[in-house]
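Residues per chain are reported as follows:
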Amino acid sequence: MTSFNRSTSRRLKKLTQIPSVWEGDRRPLSSPNQHSDSEEKGECILWVDYSQGVVRGMDVVASDVGPEAIVRTLMRAMEHPHSPARPARPQRIVVKDREIQFYLRGVLQDLDIAIDYAPELPLIDELFRGFADILDSQTPDLPPQYAQILREKAFAIWQAAPWEFLEEQQILSIEINKWDVGTLYASVMGMLGMEYGILFYRSEESLKQFRTAVLQDEDSTEHLEEAFLKQDCLFLTFESADEDEDEDDDEESDLADLPLSEIDPTFGNIHPLEGLRSVLYDEEALVIFVAIESLIRFIRDHRRHLHEDIFPTLSRRYRISLPQSEESTKSVAVTVSTMPQLAAELEEMAGFGDDDHEIGNLDSSNFQSLQDDLIPEDSFLSLGVVSWEMLDHLRKGVIYHKAGEIKQVGDGLPVILIQTSRPKAKTVIERIEAAGGLRAICFNPGADPFDGDRYDLGLLQTQNGELFLFGEFLDEDPIHVEARKKWNQRCKNTKGYCGLIIAKGLTGASRGNPQLRDMMALFETRSLSPKDLGIGTLQLMPQLKLE
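Undergrad: So what exactly am I meant to see when it comes to the packing of aromatic side chains here?
TA: To describe a pair of aromatic rings, one takes the distance between the centres and the angle between the planes. In this structure the tally under the stated criterion is eight aromatic pairs. An angle of 50 degrees between the planes, with centres 5.3 Å apart, marks the rings of Trp158 and Trp163 as tilted. Trp163 matches Trp158 in its accessibility class, with the two residues each being buried. Ring centres 6.3 Å apart and planes at 50 degrees place the aromatic pair Phe443 and Phe473 in the tilted group. With Phe443 in strand β18 (residues 438-447) and Phe473 in strand β20 (residues 467-474), this pair connects stretches of sequence that are 30 residues apart. Here Phe443 falls in the buried class, since its relative accessible area comes to 3%. Ring pairs connect the aromatic residues Trp158, Trp163, Tyr196 and Phe238, which therefore count as one cluster. Lying over the aromatic face of Tyr117, Arg98 brings its terminal NZ or CZ to 3.6 Å of the ring centre. Over the ring of Tyr497 we find Arg526; its NZ or CZ atom is 4.2 Å from the centre of that ring.

Undergrad: Just checking my understanding: could you explain the side chain of Ser9 for this structure?
TA: With respect to the secondary-structure elements, Ser9 resides in helix α1 (residues 6-13). Ignoring any residue separated from it by four or fewer positions in sequence, one finds Ser9 in contact with Phe4, Asp110 and Leu111.

Undergrad: Looking at this structure, I do not really get the pattern of salt bridges. What am I missing?
TA: Charged atoms that come close allow side chains of opposite charge to pair. Summed over all chains, the structure comprises 26 salt bridges. Residue Asp112 is joined to Lys13 by a salt bridge in which the shortest nitrogen-to-oxygen separation is 3.7 Å. You can see Asp112 sitting in the loop between α4 (98-107) and β5 (114-117) and its partner Lys13 sitting in helix α1, a full 99 residues away along the chain. A residue is classified by how much of its surface remains accessible, and Lys13, at 39% relative accessible area, is partly exposed. Here Lys402 and Glu405 are joined by a salt bridge, their closest N and O atoms 2.9 Å apart. In terms of burial, Lys402 and Glu405 fall into one category: exposed. Three or more residues joined by partner-sharing salt bridges are found here, namely Asp25, Arg27 and Asp125.

Undergrad: Hey, could you run me through the side chain of Arg490 in this one?
TA: Summarising the element assignment, Arg490 is placed in helix α13 (residues 478-493). There is a polar contact of 3.2 Å between the side chain of Arg490 and the side chain of Asp411. With residues up to four places along the chain from it excluded, the contact list for Arg490 reads Gly384, Val385, Asp411 and Pro414.

Undergrad: I keep staring at helix α7 (residues 204-216) and nothing clicks. Help me out?
TA: Along an α-helix, residues three or four apart share an orientation, since each turn contains 3.6 residues. Taking 1.5 Å per residue as the helical rise, α7 with its 13 residues ought to reach 18 Å, and the 19 Å between its terminal C-alpha atoms agrees with that figure. Every buried residue of α7 is listed here: Ser206, Leu207, Phe210, Arg211 and Ala213. Burial along α7 is one-sided: seen end-on, the buried residues are contained in an arc of 165 degrees. Seen from the buried face of α7, the exposed residues on the opposite side, beyond 90 degrees, are Glu205 and Gln216.

The rules behind these values
Residues numbered from 1 in each chain as written. Predicted model: local features only at pLDDT ≥ 70, side-chain atom pairs only at ≥ 80, totals over all residues. Heavy atoms only, no water. Phe/Tyr/Trp six-rings, centres within 6.5 Å; stacked < 30°, edge-to-face > 60°. Buried < 20%, exposed > 50% of the residue type's maximum accessible area, 1.4 Å probe, protein only. Helix = DSSP H or I, 4+ residues; strand = E, 2+ residues; numbered from the N terminus. Lys NZ or Arg CZ within 6 Å of the ring centre and 35° of its normal. Contact = heavy atoms within 4.5 Å. Salt bridge = Lys/Arg side-chain N within 4 Å of Asp/Glu carboxyl O. Polar contact = N/O pair within 3.5 Å; in protein donor to acceptor, adjacent residues only side chain to side chain. Expected span 1.5 Å × (residues − 1). Arc of directions from axis to C-beta.

Any functional reading would require information beyond the geometric quantities listed.
Next up, the structure:
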């Protein structure tokens, strides 16, 4: 048995010994009426002065912590007690646990303190009854009878990953007509990798009002927060179960890479008069259960159609069996439908398809605009080469688009590497594939007539003729000049063949140096000269914004 150092015993014996009886105990932090595992909440250690009716020391410890913890709390109760008590040593200690009694007798034998047993500790019993009443009065995040089934459905939605093919404006209506809820309007978040979840709006009007408010005040944090709290919806969101507040804000972008055990679902409600609460009451829990279950079935039945470029018109009716509850209703008929017309209206509100990304206008009849919205702004970009051996591994292990038979000359295939977050990388890949694939990579001259700077613009041309900017490099940048020389020589070796690699892992350990496991797609293509492209020097034009 561990005992005090002699110096510690001498120090404690110098404390004034007062004619008081102290009670001590260690009990689980839970109420007898609660169904949760008390081990998750830990145990509370209390030392009280029964004679004076004050708490001298209290600690909360994990359930598996040894008996030393109760002695540590006792030492603080003697040397550094809670106010208004003064440092002191009791004459007598009473506990209701025989093991604790024998343990303390051995540890405290040099301190002249009597250690007695009593079947009841009146003051501590009263305090813990008060704690239990407080715990009983607390509202759990989810009704206990629905907590497990709701978490199971949340994980089922996570694995179905509707954000891989549904954008936020592609709304699904869920007609329930139960619990004073008519139709919910589900908006799926996560395609941009910012936040994963589903908002279930109680009205189409609330959804439109929020979108309008965000578009009008997207630069005002205060107005965005106000707009957020004016929503009328239930929600399910996902976050890392071990979230580190000190991590980079973009780390959440890689949430999709985490195993299921590290994903934590959160349910809640937003209402203009209630604000945000991460608590669901019984009827709300049933509503969101039905909504999620019907959504899971709809995705299962129509996943292939929902992947199509055009948001299709679909509808399906389901009968959802309810979990056991006090309600007499055993099941609910639900109709889930896509809303292409509303999606088009929301896209028009957001200005999708506008020429906001147009950089220059040219005289070439086959050139309409140069877009800069394909490659995310925070991406890591490099001009390099992959060895022929690595190229073989890539072709077998990632999304691969072949351009032709490439003769293996030189040190490898010249490539443009774009590294971003996994969700954004998937979006880039899908957009290139939707445009028919990659036709060419080109470096074309560009100029800013206002400051006289000249640029080497990196361009991607897709099979449908669209041009996308992937990089702007100053002509006088010596690093880029050297990289371009190597690029040109390697392209000459390969008879013009080159490649584009899209990789994830921007916020991880492989940032700036993606490994094979980080590479998600390889597009083999041809390198074009500015003459071959035939669009001339691109002039940077000012953006005019009408107020």
